[in-house]
Amino acid sequence: MILRNALRLRGSLDLSKYHNINSITSSLLHRQRFDRQASTYSDDKTTHFGFKNVGEKEKKEAVLSVFHSVADSYDLMNDAMSLGVHRVWKDAFMKKLDPGPNTKLLDVAGGTGDISFRFLDYVGKEAVNKDDGASVTVFDINASMLKVGEARASELGHTKGISFVQGDAQELPFEDNTFDCYTIAFGIRNVVKIDEALKEAHRVLKPGGRFMCLEFSKVKPQELESLYDLYSFQVIPPMGKILAGDWDSYQYLVESIRKFPDQDTFAEMIREAGFSFVTYEDYTFGVAAVHSGFKL
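Per chain, residues are indexed from 1 in the order of the written sequence. It should be noted that, the model being predicted, local features are given only for residues of pLDDT at least 70 and side-chain atom pairs only at 80 or more, the latter also being counted only at that level, while totals for whole chains, interfaces and linings use all residues. As a rule here, side-chain values cover all heavy atoms of the structure and leave hydrogens and water aside.

Can you help me understand the overall build of the protein chain in this one?
Each helix and strand counted, the protein chain has 12 helices and 10 strands in total. Exposure classes here rest on a 1.4 Å probe applied to the protein chains alone. A residue is buried below 20% of its type maximum, exposed above 50%, and partly exposed in between. In the protein chain, which comprises 296 residues, the share counted as buried stands at 55%. Residues are treated as being in contact if the distance between any of their heavy atoms lies within 4.5 Å. The contacts of the protein chain with a sequence gap of at least 6 include a subset with a gap of at least 24, amounting to 76%. Total accessible area computed for the protein chain in this model is approximately 13,500 Å², and 51% of it derives from carbon and sulfur atoms. Per the convention used, a helix needs a DSSP run of H or I reaching at least four residues, while a strand needs a run of E reaching at least two, with both numbered from the N terminus. For the area figures, the Shrake-Rupley method with a 1.4 Å probe applies, and any residue is considered shielded solely by the protein chains shown.

Could you clarify how one ought to interpret the side chain of His291 in this entry?
Tracing the chain through its elements places His291 in strand β10 (residues 288-294). His291 gets classed as buried once you look at its relative accessible area, which sits at 2%. Pairs of N or O atoms within 3.5 Å make up the polar contacts considered here, provided that, within protein, one atom can donate a hydrogen while the other can accept it, and that residues adjacent in sequence are counted only when both atoms are side-chain atoms. Reaching out from His291, the side chain makes a polar contact with the backbone oxygen of Gln263 at a distance of 2.9 Å. Residues contacting His291, with those up to four places away along its chain left out, are Phe211, Met212, Cys213, Gln263, Phe266, Ala267, Ile270, Thr279 and Tyr280.

Whenever I open this one, the pattern of salt bridges confuses me. Can you help?
Any two side chains of opposite charge can pair, so long as their charged atoms come close to each other. Salt-bridge detection follows one rule: a side-chain nitrogen of Lys or Arg within 4 Å of a carboxyl oxygen of Asp or Glu. Counted by the stated rule, this structure contains 14 salt bridges. Here Glu196 ties to Lys193 by a salt bridge, and the two come within 3.7 Å at their closest N and O atoms. Here Lys193 falls in the buried class, since its relative accessible area comes to 14%. In the salt-bridge network here, residues are joined through shared partners; they are Glu56, Lys193 and Glu196.

How do you make sense of a nonpolar patch on the surface when you look at a structure like this?
Exposure above 30% relative accessible area and the lack of any salt bridge qualify a residue for a patch; like charges then connect within 9 Å, and the nonpolar side chains Val, Leu, Ile, Met, Phe, Trp and Tyr within 5 Å. Together, Leu224, Leu227, Leu230 and Phe285 make up a nonpolar patch on the protein surface, roughly 410 Å² of accessible area in all. Positionally, Phe285 belongs in the loop between β9 (276-283) and β10.

What's the story with helix α9 (residues 225-234) in this structure? I'm lost.
Quick reminder: α-helices carry 3.6 residues per turn. Residues three or four places apart thus point the same way. For α9, the set of buried residues is Tyr228, Tyr231 and Ser232. Axial view of α9: buried residues confined to an arc of 95 degrees, hence all on one face. More than 90 degrees from the buried face of α9, the exposed residues found are Ser226 and Gln234. The reported arc concerns the directions from the helix axis to the C-beta atoms and nothing else.

Even after reading the chapter, I still don't get helix α5 (residues 114-123), so can you show me in this structure?
With eight of 10 residues buried, α5 is to be regarded as a mostly interior element. Every buried residue of α5 is accounted for by Asp114, Ile115, Ser116, Phe117, Arg118, Phe119, Leu120 and Val123. In the segment just after α5, Gly124 is the residue with positive phi, at about 90 degrees.

What am I meant to see in the environment of Asp180 here?
Here Asp180 lies in strand β7 (residues 179-185). Taking the relative accessible area as the measure of exposure, Asp180 reaches 22% and is therefore partly exposed. Distance from Asp180 to Lys206, taken between C-alpha atoms, is 5.7 Å for residues 26 residues apart in sequence. In contact with Asp180, other than residues within four places in its own chain, are Asn102, Thr103, Lys104, Leu205, Lys206, Gly209 and Arg210.

Encoded structure:
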């Protein structure tokens, strides 16, 4: 049922007009593109792409390719990865964030709009329509994901209080102390240098601003780990092949979860980036976790 609903949602969007990257300037929602290139990638330095060791530049391009491939079926992908529970997690995530009527949110790796649309619904139309009211900037490195988000925003009627910006989480094109909240959902593990992205998050937040991250994590208790691994490696990639015609992207996504730091290690990384009062909460036995921190 979950996967059938995801397929129905995918089919309801007319994305054909968004496939040509060069033709998107006529999109209903104005999207800025910043051509500022991160200068910190090097193929002389290695990192991981799933279970493979690759150069930093190679990983950046490979991740871009993965999400270009899955952009049109992103909801289907998340349903496969979480058995549909990601929708419940995202609702709980927004409730935990509890944004106010004047909140300025930066939603990083938010191209398809799942978190941003929940934010707009949560604060309400009155907050969005008033002068200097609530607003969200949807930020993503991948043009294909942003195009899906723009199409969905148009169909859902979200034409105010939202903007789309393309750029790199490791080098945000925003001034210091700009946003009240920074969110990133199921995106931080795909960043080449997570520590740099966390420092950038801290930089662009206002004093008192909040960082929140929703990400797949380490399953607890350990007895459930073998069952989770069985589903992840034996079910998800074949499902990706059958439903989206793409085995390799789903294989990478499964492997990337295993390479991501556990909850305590990631919490320490957030502290090292300068955040205070860092906490985390497990969702569904640690299949996912929400980390939170504040800039003082």
